[in-house]
Amino acid sequence: MSKYIFVTGGVTSSLGKGIISASLGKLLQERGFKVTIQKFDPYINIDPGTLNPYEHGECFVTDDGAETDLDLGHYERFLNSPTSQANNVTTGRVYQTVINKERAGDYLGKTVQVIPHITDEIKRRVTLLEHQDEYDIIITEVGGTVGDIESLPYLEALRQFKQEVGKKNCIVLHLTLIPYLSAAGELKTKPTQHSVKELLTTGIQPDILVCRTERKLTKELRAKLSRFCNVETNSVIEAMDAKTIYDVPLLMLKEKLDEIVLRKLNLRKGKEPELIAWKDFLGRHKNPTNEVRIALVGKYNELQDAYKSIYESFVHGGAMNECKVTVVPIHSQKLESGDVEEALKGFDGVLIAPGFGERGIEGKIRAIQYVRENNIPFFGICLGMQCCVVEYFQNVLNYKGAHSSEVQPDAKHPVIDLMPDQIEITQKGGTMRLGAYDCKLEKGSIAYKAYGKITISERHRHRYEFNPKYLEVLEKSTLKATGINPKTGLVEIVELEDHPFYVGVQFHPELKSTVELPHPLFTAFIKAALKHKLS
Ligand code: GLN
């Protein structure tokens, strides 16, 4: 049987439950346990796939094609192991299952209620992972903040679950904030006392308090929190603000969070976490010997979370090159008029971001023309790849009226077009081409050199593709299709000949970059940017 750790949050949102969960998971994994992390999202959407990135940040896609919360990205980056649909549960999904069962007659004769039907479904989804693989430990992050109406069914399910599996098999870690009042010159515990009280009203006593703080927690403060919140003194953990999220596992190790968890769960201590690869990464990340500046051209730039995995992939790839990567967001709409050269000069590389719809497309195309003509390293992801195909057909091959039919439905030359199996689809949720597909690389290509193998697998999230009717034209041009889906023939990668680094990919490499396995294309792109800078 697996052991369970629930992570709840109090006082405010954005305290970093995802990072604490991932850091704890990492330490337990290093001690030799098989760990997975799950996220409960209390919103009513079935998944975040239909949410605007401004609402909820990036939509993270798993190998099995689930559109999920961006915290799953942290879990994968930290644990270096893939997650799946079962790792993300939303209220929408829980209710949908229960309502479908009701329609099927599974509860015939009974009134369907939050307790027990919704809570039973939540509990079933906690154990689903246990059936999927033999995990020693399952960490479940409960989204939202204690006290939210939407979180109530989850907390009730948690209370029941803990009762059913027993204290030695299930613990609750509560992440909270200890604010510093500069006027009083003091750290304040009252908000935490209140949030624990709130948690107690749902029948849950936290076993561990992890306290986000700007200043060190004194012994006295820990004792006070212990007394008021009924948590052992050694289970009051300090979580100081860190310079980088990647410091957090080491900070938690210092606080012995992993040991406390194992003791409470009656598990052997295993070997002391050495975190060799992790520390090696941190060493490189913190001691760069060089620096490059990359322009990230997108349209959701106001919110870093919208491109979370891209930013993190630059951190991983940067460390590989011992190079600090300064990523500067540039709004694609701003490039639609005005001087592109002025906006992009001084950058060592340009990444054109994924996206949907027409807004800012012309700006992306102008940026691509500039980097193509000026031999500046270029990396296009998904929509970024589609834009580079459009730019090439318009400006190099002189196809007037070449465009993506997403932007110009009646384009004379729809060089990017809706995939045939998308034509009949009207529903928006979960209907894109999603998840992992194989891709075969052309020997000698930049991609092949980066990956060092012929067949790769990458994750997808799109409706449009390179129109195969134009493949013959492409083959005779200098823009080469260097990666092809072996089953469907779909063009996955394009590369421009006679350019230092010009790579467009239909898939999302950023979703597979981890601390221990930085993505080869990001590593290669940064290397090319560095070369460009030094040349
Ligand atoms: N909007 C484009 C498509 O659906 C690209 C999607 C993306 O960048 N993820 O094909």
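Residues numbered from 1 in each chain as written. Predicted model: local features only at pLDDT ≥ 70, side-chain atom pairs only at ≥ 80, totals over all residues. Heavy atoms only, no water.

(A) Seen up close, the overall build of the protein chain. Across its full length, the protein chain holds 18 helices and 23 strands. Rg of the C-alpha trace for the protein chain: 25 Å, near the compact-globule value of 24 Å for 535 residues, within the 12% margin. Reported as C-alpha extents along the three principal axes, the dimensions of the protein chain are approximately 75 × 65 × 45 Å. Put simply, the protein chain has 535 residues, and 57% of those count as buried. Long-range pairs, those at least 24 residues apart, make up 73% of the contacts in the protein chain with a sequence separation of at least 6. Surface summary for the protein chain: the accessible area is close to 22,700 Å², and the carbon and sulfur share equals 50%. Across the protein chain, the centroid of the 68 positively charged side chains sits 5 Å from that of the 70 negatively charged ones. (Helix = DSSP H or I, 4+ residues; strand = E, 2+ residues; numbered from the N terminus. Rg over C-alpha atoms; globule rule 2.2 N^0.38 Å. Buried < 20%, exposed > 50% of the residue type's maximum accessible area, 1.4 Å probe, protein only. Contact = heavy atoms within 4.5 Å. Areas by Shrake-Rupley, 256 points an atom, 1.4 Å probe, with all protein chains shown as cover. Lys, Arg positive; Asp, Glu negative; His and termini not counted. Charge placed at Lys NZ, Arg CZ, Asp CG, Glu CD.)

(B) Focus on a positive patch on the surface. Residues Lys190, Lys197, Lys224 and Arg227 make up a contiguous surface patch of positive charge. Of all the secondary-structure elements, those providing two or more residues to the positive patch are helix H7 (190-201) and helix H8 (219-229). (Patch = residues over 30% accessible without salt bridge, like charges linked within 9 Å, V, L, I, M, F, W, Y side chains within 5 Å. Salt bridge = Lys/Arg side-chain N within 4 Å of Asp/Glu carboxyl O.)

(C) A look at the pattern of salt bridges. Considering all chains together, one arrives at 38 salt bridges under this definition. One salt bridge connects Glu121 with Arg125, and the closest N-O pair in it is separated by 2.7 Å. With a gap of 4 residues between them, Glu121 and Arg125 both fall in helix H5 (residues 114-132), about one helical turn apart. The exposure class assigned to Glu121 is buried, which follows from its relative accessible area of 3%. Residue classification places Arg125 among the buried positions, given a relative accessible area of 12%.

(D) Representation of the sheet that holds strand S17 (residues 413-418). Reading across the sheet, the 3 strands line up as S16-S17-S20 and stay open at both edges, with mixed pairing between neighbours. A single partner strand is all that each edge strand has here, and the edge strands are strand S16 (402-404) and strand S20 (464-466). Here the strands of the sheet are splayed against their neighbours by 30 degrees on average, with no regard to which way each runs. Looking at chain direction, S16 and S17 are connected through 3 bridges and run parallel. Bridging across to S17, Ser404 finds its partner in Ile416. (Pairing = 2+ DSSP bridges. Axes fitted to C-alpha atoms, helices over the stretch in contact; angles between N-to-C directions.)

(E) Broad picture of the site of the ligand. The local shell around the ligand consists of Pro354, Gly355, Phe356, Cys382, Leu383, Gln386, Glu406, Arg461, His462, Arg463, Tyr464 and His508. Here an oxygen atom of the ligand sits 3.0 Å away from a polar atom, N or O, in the side chain of Gln386. A distance of 2.8 Å is found between a nitrogen atom of the ligand and a side-chain nitrogen or oxygen belonging to Glu406. When the free accessible area of the ligand is taken as 290 Å², the share hidden by the protein chains comes to 99%. Listed by contribution, the elements that provide at least two residues to the shell around the ligand are helix H15 (383-395) and strand S19 (455-462). Here the residues of the shell around the ligand sort into 5 nonpolar, 4 polar and 3 charged. (Near = heavy atom within 4 Å. Polar contact = N/O pair within 3.5 Å; in protein donor to acceptor, adjacent residues only side chain to side chain. Nonpolar A, V, L, I, M, F, W, Y, C, P; charged D, E, K, R; others polar.)

(F) Inspection of the packing of helix H14 (residues 361-373) against H15 at higher detail. The contact between H14 and H15 brings their axes to 9 Å, and the two run at 70 degrees. In terms of orientation, H14 lies roughly perpendicular with respect to H15. In terms of crossing hand, the pair formed by H14 and H15 is right-handed. Contact residues: Ile361, Lys364, Ile365, Ile368, Gln369 and Arg372 in H14; Leu383, Gly384, Cys387, Cys388, Val390, Glu391, Tyr392, Gln394 and Asn395 in H15. (Parallel < 35°, antiparallel > 145°, perpendicular 65-115°, else oblique. Left-handed = near helix turned anticlockwise from the far one by under 90°.)

(G) Highlighting the sheet that holds strand S7 (residues 170-178). Taken together, 7 strands build an open sheet; the order of strands is S5-S2-S6-S1-S7-S10-S11 and the sheet is parallel. Among the strands making up the open sheet, the edge pair consists of strand S5 (88-90) and strand S11 (236-240). Shown here is a sheet whose adjacent strand axes are inclined to one another by a mean of 20 degrees, direction ignored. When strand S1 (residues 3-9) meets strand S6 (residues 137-142), the two strands line up parallel, connected through 5 bridges. Pairing of Phe6 across the sheet is with Thr140, part of S6. Those strands touched by helix H3 (residues 71-79) are strand S2 (35-41), S5 and S6, and its axis lies near 170 degrees from that of S2. Packed on one face of the sheet, helix H6 (residues 152-165) meets S1, S2, S5, S6 and S7 and runs near 140 degrees to S7.

(H) View of the pairing of strand S10 (residues 208-213). Extensive coverage of S10 is indicated by the burial of 5 of its 6 residues. The pairing of S7 with S10 spans 6 bridges and is parallel. The partner of Leu173 across the bridge, within S10, is Ile208. Pairing of S10 with S11 involves 5 bridges; the strand directions are parallel. Bridged to Leu209 within S11 is Val236. This β-α-β element, S10 to H8 to S11, shows right-handed connectivity. (Right-handed = clockwise from strand over helix to strand, strands pointing away.)

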